[in-house]
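Fold and geometry: a report
In case you want the letters, here they are:
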Amino acid sequence: DAGITQSPRHKVTETGTPVTLRCHQTENHRYMYWYRQDPGHGLRLIHYSYGVKDTDKGEVSDGYSVSRSKTEDFLLTLESATSSQTSVYFCAISDSGNTEAFFGQGTRLTVV
Amino acid sequence: AQKVTQAQTEISVVEKEDVTLDCVYETRDTTYYLFWYKQPPSGELVFLIRRNSFDEQNEISGRYSWNFQKSTSSFNFTITASQVVDSAVYFCALISSGGFKTIFGAGTRLFVKA
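Not measured: the values here are computed from a predicted model. (Residues numbered from 1 in each chain as written. Chains lettered and ligands numbered in written order. Predicted model: local features only at pLDDT ≥ 70, side-chain atom pairs only at ≥ 80, totals over all residues. Heavy atoms only, no water.)

Looking at the pairing of strand β8 (residues 73-78) of chain A
All names here are of chain A.
- Where strand β3 (residues 19-25) meets β8, six bridges bridge the pair, whose relative direction is antiparallel. Opposite Thr-20, over in β8, you have Thr-77 as the bridge partner.
- Examined bridge by bridge, strand β7 (residues 64-70) and β8 share five bridges and lie antiparallel to one another. When the bridges of β8 are listed, Val-66 appears paired with Leu-76.
- Where β7 folds back on β8, the antiparallel hairpin that results is connected by two residues. (Pairing = 2+ DSSP bridges. Helix = DSSP H or I, 4+ residues; strand = E, 2+ residues; numbered from the N terminus.)

Laid out in structure tokens, this is it:
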């Protein structure tokens, strides 16, 4: 199994608070991604990174920011959590921009 | 615009039946990559297959087979002699040339009853 770990696995937070989710990989893959999964929508890309300090927006990036200061870590921050950000968040890695992705276990985030 | 459509939201079959999951994609690029992923009830996402746009050869892996037809922009997935362990949500996905962004379909939830 690809070495990819998400933390925390579950989190409940209050509306308006900042939240940071962490993705850690041991595969030295160049590309890292954050997705959210909601019923009826499949997985939607929030942000991705193609190298240290190189990041770009996905299709649902509003309200989220990311940082990648090391190859192995990709952080997703909800600047001011809203109930619409209640979701399951998946981190993924790939060694090339067009190869298969390996996913973390997911983080279930509930904003109350 | 790029898009992946999985028109079947849920499918229910009895064990040992064959089942086909449909995937239709849209892209203007001539180079692209198609994928299938499986998400069992435990929640993790598992890669099943990758196919590039220049390789229309069908593939078989055990009970799984994939039919790629560029003429109809489809990449369908068939499970032969389904088993209860095949119960999962299956996602079809697309990466166009230039890479990076994977577009996922909404998924098809497969129930296999004993």
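Examining the pattern of salt bridges
- For the structure on display, the rule yields seven salt bridges over all chains.
- In this structure, the salt-bridge partner of Arg63(B) is Asp86(B), at a minimum N-O distance of 2.8 Å. Residue Arg63(B) is found in the loop between β7 (59-61) and β8 (64-69), and its partner Asp86(B) is found in the loop between β9 (74-79) and β10 (88-96); the two are separated by 23 residues along the sequence.
- With relative accessibility at 25%, the residue Arg63(B) sits in the partly exposed group.
- The class of Asp86(B) is buried, set by a relative accessible area of 1%.
- Linked by salt bridges that have partners in common, Arg22(A), Lys70(A) and Asp73(A) make up one network. (Salt bridge = Lys/Arg side-chain N within 4 Å of Asp/Glu carboxyl O. Buried < 20%, exposed > 50% of the residue type's maximum accessible area, 1.4 Å probe, protein only.)

A closer look at the nonpolar core
- Among the nonpolar cores identified, the biggest contains 24 residues, and Trp36(B), Phe77(B), Tyr90(B) and Leu110(B) are the most heavily contacted of them.
- Within the residue set of this core, elements represented by two or more residues are β2 (10-14), β3 (19-21), β5 (32-39), β8, β9, β10 and β12 (108-113) of chain B.
- The dominant element in this core, judged by the number of residues it contributes, is β10(B), at four residues.
- Within the second largest apolar cluster, 20 residues are counted, among which are Tyr31(A), Ala92(A), Phe35(B) and Ala93(B). (Core = buried A, V, L, I, M, F, W, Y, C linked by side-chain atoms within 4.5 Å.)

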